[in-house]
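Structural description and commentary
Residue-level listing of the chains:
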Amino acid sequence: MTKDVAAVRLHTPYKEIVRILQERRISALPVLDDDGRLAGLVSEADLLDKTSGEERPTGPLSGLRRRSRHGPKATGLTADAVMTAPAITVNATASVAAAARIMARRAVKHLPVVDDQGRLVGIVSRRDLLRLYLRSDEEIREEIQRDVFMRVLWADPENFDIEVHDGVVTLTGMLEQRSAIPVAERLSRSVGGVVDVDNRLTYRFDDTEGRPAFRSVE
């Protein structure tokens, strides 16, 4: 995600929003309330709703006609009037894969990242997600080896064969407990740049049944 996030306040003027978007070369800005919590998101599409309503019919009812034909965004002058609210967000503790699923399911291009108090800590864009898939296979392999097997599973990575080819991870080797196998796969899938996981791990002891076993889990 991007941590150096440009943001605006509820009463930031329309032209100021446009200026920030152009200067930062971005297409959306989080909108914060007076307490610094995320109130919404204003995008280029939101701003274009206003330009689509800039025809100027005359007469005492012209303003009312513009509102009815183009909606409140067409006449909005500040961020709170043109933003999309509530914004679709993801918690800072969520995995990259979870963020990608939310963006795909909700068809959004930008996903603000918030903490448990609803405060903005970053933003994820489609470009950020795609950039992860430019990581080398070796970078992916080293992260799985270090963060999944050593730090979480407390397993010696030298006892496992972790192969990565074009982002597809193949896990081979024997874990002590059967219950650790789905954990290894889930955590490996959450590593940035992983396209798929071929889980060929086996287990020494079936802790789900309480008896020793020497076979693979299909």
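Below or above, wherever it landed, is the structure these notes cover. Residue numbers restart at each chain and count upward from 1, following the sequence in its written direction. Residues qualify for local features only when their pLDDT is at least 70, as the model is predicted, and side-chain atom pairs are given and counted only at 80 or more; totals for whole chains, interfaces and linings, by contrast, use all residues. For the side-chain quantities, the full set of heavy atoms in the structure was used; hydrogens and water were omitted.

**Here's the deal with the layout of surface pockets**
By volume, the largest pocket is sized at about 420 Å³. Points on a 1 Å grid, built from protein atoms alone, make a cavity when a 1.4 Å probe fits but cannot get out and make a pocket when they are open with protein on both sides within 12 Å along at least 5 of 7 lines; residues with an atom within 4 Å of a point are the lining residues. Lining the largest pocket are 19 residues, and of these Thr2, Arg25, Ile26, His110 and Ser125 lie nearest its centre. For the lining of the largest pocket, the secondary structure elements donating two or more residues are β2 (28-32), β6 (120-125) and α6 (126-132). Comment: elements are numbered from the N terminus, with helices defined as DSSP H or I runs of at least four residues and strands as E runs of at least two. When residues in the lining of the largest pocket are grouped by element, the largest group, 4 residues, is from α6. Taken together, the residues of the lining of the largest pocket break down into 7 nonpolar, 4 polar and 8 charged. Grid points are joined across faces, edges and corners, and a volume is the space filled by probe spheres set on the points. Taken as a whole, the second largest pocket spans an internal volume of roughly 330 Å³. Forming the boundary of the second largest pocket are 15 residues, of which Leu41, Ser43, Val108, Lys109 and His110 lie nearest the centre. Those elements that provide at least two residues to the lining of the second largest pocket are β3 (38-43) and α2 (44-51). It is α2 that provides the largest number of residues to the lining of the second largest pocket, a total of 3 residues. When residues are grouped by polarity, Ala, Val, Leu, Ile, Met, Phe, Trp, Tyr, Cys and Pro land in nonpolar, Asp, Glu, Lys and Arg in charged, and all others, Gly among them, in polar.

**Details of unusual backbone geometry**
Among all residues save glycine, negative phi is the norm, and among peptide bonds the norm is trans. Residue Pro86 follows Ala85 across a cis peptide bond; omega there is -5 degrees. You can see Pro86 is positioned in the loop between α4 (79-82) and β4 (90-91). In this structure, Arg25 is a non-glycine residue whose phi angle is positive, near 55 degrees. Mapped onto the fold, Arg25 is located in the loop between α1 (14-24) and β2. Accessibility expressed as a relative area gives 78% for Arg25, which makes it exposed. The phi angle at Ala107 is positive, at roughly 55 degrees, despite the residue not being glycine. Throughout, exposure labels follow a simple rule: accessible area from a 1.4 Å probe, protein chains only, divided by the maximum for the residue type, with under 20% read as buried, over 50% as exposed, and the rest as partly exposed. On the basis of relative accessible area, Ala107 is assigned to the exposed category, the value being 60%.

**Some points on the sheet that holds β3**
Hydrogen bonds along the backbone pair up the strands of a sheet, which may run parallel or antiparallel. Strand order in the open sheet made by the 3 strands is β1-β2-β3, with mixed pairing throughout. The outermost strands of the open sheet, each flanked by one partner alone, are β1 (8-9) and β3. Criterion used throughout: strands pair if DSSP finds at least two bridges between them. Bridge count for β2 against β3 is 5 bridges, and the pairing is antiparallel. Bridging across to β3, Ala28 finds its partner in Ser43. The strands touched by α1 within the sheet are β1, β2 and β3, with β2 carrying the most contacts at an inclination of about 130 degrees. Whether two residues touch is decided by their heavy atoms; if any such pair falls within 4.5 Å, the residues are in contact. An axis is simply a line fitted to the C-alpha atoms; with a helix, the fit covers only the stretch in contact. Between two such axes, the angle follows the N-to-C directions and lies from 0 to 180 degrees.

**Here we look at the side chain of Asn199**
Assignment of secondary structure puts Asn199 in strand β9 (residues 196-206). For Asn199, the contacting residues outside a window of four places in its chain are Leu171, Ile181 and Glu185.

**Looking at the side chain of Thr170**
Mapped onto the fold, Thr170 is located in strand β8 (residues 168-177). Thr170 has contacts with Asp161, Ile162, Glu163, Asp198 and Arg200, leaving out every residue within four places of it along the chain.

**Side note on a nonpolar patch on the surface**
Here a patch means residues that are over 30% exposed by relative accessible area and free of salt bridges, tied together within 9 Å if like-charged and within 5 Å if nonpolar (Val, Leu, Ile, Met, Phe, Trp, Tyr). Calculation of accessible area relied on Shrake-Rupley with a 1.4 Å probe; when residues are assessed, cover is drawn exclusively from the protein chains displayed. By convention in these notes, a salt bridge is any Lys or Arg side-chain nitrogen within 4 Å of a carboxyl oxygen on Asp or Glu. Together, Leu130, Tyr133, Val168 and Val195 make up a nonpolar patch on the protein surface, roughly 390 Å² of accessible area in all. Looking at the element boundaries, Leu130 is found in helix α6.

**Looking at the nonpolar core**
The criterion is simple. A nonpolar core is a set of buried Ala, Val, Leu, Ile, Met, Phe, Trp, Tyr and Cys residues joined through side-chain atoms within 4.5 Å. Core analysis: the largest hydrophobic core is formed by 19 residues, its most contacted members being Ile144, Phe149, Val169, Leu171 and Leu175. Listed by contribution, the elements that provide at least two residues to this core are α7 (137-150), β7 (161-165), β8, α8 (180-189) and β9. Ranked by the residues each element gives to this core, the list is headed by α7, at 4 residues. For Leu175, the residues in contact, after removing those within four places along its chain, are Phe149, Leu153, Ala155, Phe160, Ala180, Ile181, Ala184, Leu201, Thr202, Tyr203 and Arg204.

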